[in-house]
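Remarks on the overall topology
Here are the chains, one letter per residue:
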Amino acid sequence: MGRYEGKPATRAYRFTVHGKDAPSQVVMNGSRLQRLTSATALASAESGWYTDPATGITEIKTRSVSTDHGFTVELRK
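Here's what I pulled together on the structure shown here.

About the criteria used
What you see as residue numbers is a count from 1 along each chain, following the sequence as written. Only residues with pLDDT of at least 70 are given local features in this predicted model, and only at 80 or more are side-chain atom pairs given and counted; all residues enter the totals for whole chains, interfaces and linings. Working from all heavy atoms in the structure, the side-chain values ignore hydrogens and water. Secondary structure elements follow DSSP: runs of H or I of four or more residues count as helices, runs of E of two or more count as strands, with numbering from the N terminus. Only protein chains enter the accessibility calculation, which uses a 1.4 Å probe; a residue is then buried when its area is under 20% of its type maximum, exposed when over 50%, and partly exposed in between. Throughout, a contact is declared for two residues whenever any of their heavy atoms are within 4.5 Å. For the area figures, the Shrake-Rupley method with a 1.4 Å probe applies, and any residue is considered shielded solely by the protein chains shown. Positive residues here are Lys and Arg, negative ones are Asp and Glu, while His and the chain termini are left out of the count. All charge positions are set by atom: Lys at NZ, Arg at CZ, Asp at CG, Glu at CD. When a carboxyl oxygen of Asp or Glu lies within 4 Å of a side-chain nitrogen of Lys or Arg, that pair is called a salt bridge. Planes of paired rings set the category: under 30 degrees apart is stacked, over 60 is edge-to-face and the rest tilted, where pairs are Phe, Tyr or Trp rings (Trp by its six-membered ring) whose centres lie within 6.5 Å.

A word on the overall build of the protein chain
- Along the protein chain, the regular secondary structure elements total one helix and eight strands.
- The linear arrangement of helices and strands in the protein chain, starting from the amino end, is β-β-β-β-α-β-β-β-β.
- Each principal axis of the C-alpha distribution contributes one length, and for the protein chain these read about 40 × 25 × 20 Å.
- In the protein chain, buried positions account for 27% of the 77 residues.
- Residue pairs in contact within the protein chain that sit at least 24 positions apart in sequence constitute 61% of those at least 6 positions apart.
- Working note: accessible area of the protein chain is about 5300 Å², and carbon and sulfur atoms make up 49% of it.
- Computing the positive centroid from 11 side-chain charges and the negative centroid from 7, the protein chain places the two 4 Å apart.

Right under this line is the structure:
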């Protein structure tokens, strides 16, 4: 959100969430993101999420979204 010269109209986002347990779902603006089976699968996907069972770290990747509007990402237990 906001304005500046050269601002892209859309962009994808990546989030890293440190936790003890994997969420049962990750939801973006009310739609479930796909749970992937590996970090490699996440790297090649347009969007989705993966939790490393060894560390408990959940990586989330969004599709490209408008930079003119906010969005929500929710981790559900």
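The rest of the description comes next.
A short note on the pattern of salt bridges
- Within the structure shown, the criterion is met by three salt bridges.
- In this structure, the salt-bridge partner of K7 is D68, at a minimum N-O distance of 3.0 Å. Here K7 is found in the segment before β1 (10-11), whereas its partner D68 is found in the loop between β7 (65-66) and β8 (73-76), with 61 residues between them in sequence.
- Residue R14 pairs with E59 through a salt bridge whose shortest N-O separation is 3.8 Å. With R14 in strand β2 (residues 14-18) and E59 in strand β6 (residues 57-61), the pair connects residues that are 45 residues apart, well separated along the chain.
- What makes R14 partly exposed here is its relative accessible area of 49%.
- With a relative accessible area of 23%, E59 lands in the partly exposed category.

Here's the deal with the packing of aromatic side chains
- In this structure the tally under the stated criterion is three aromatic pairs.
- Taken together, a centroid distance of 6.4 Å and an interplanar angle of 15° make the contact between Y13 and F15 stacked.
- Ring geometry for Y13 versus F71: centroids 5.0 Å apart, planes at 50°, classification tilted. Of this pair, Y13 sits in the loop between β1 and β2 while F71 sits in the loop between β7 and β8, and the two are 58 residues apart along the sequence.
- Assessed through its relative accessible area of 23%, F71 is described here as partly exposed.
- Grouped by ring-pair contacts, the aromatic residues Y13, F15 and F71 constitute a single cluster.

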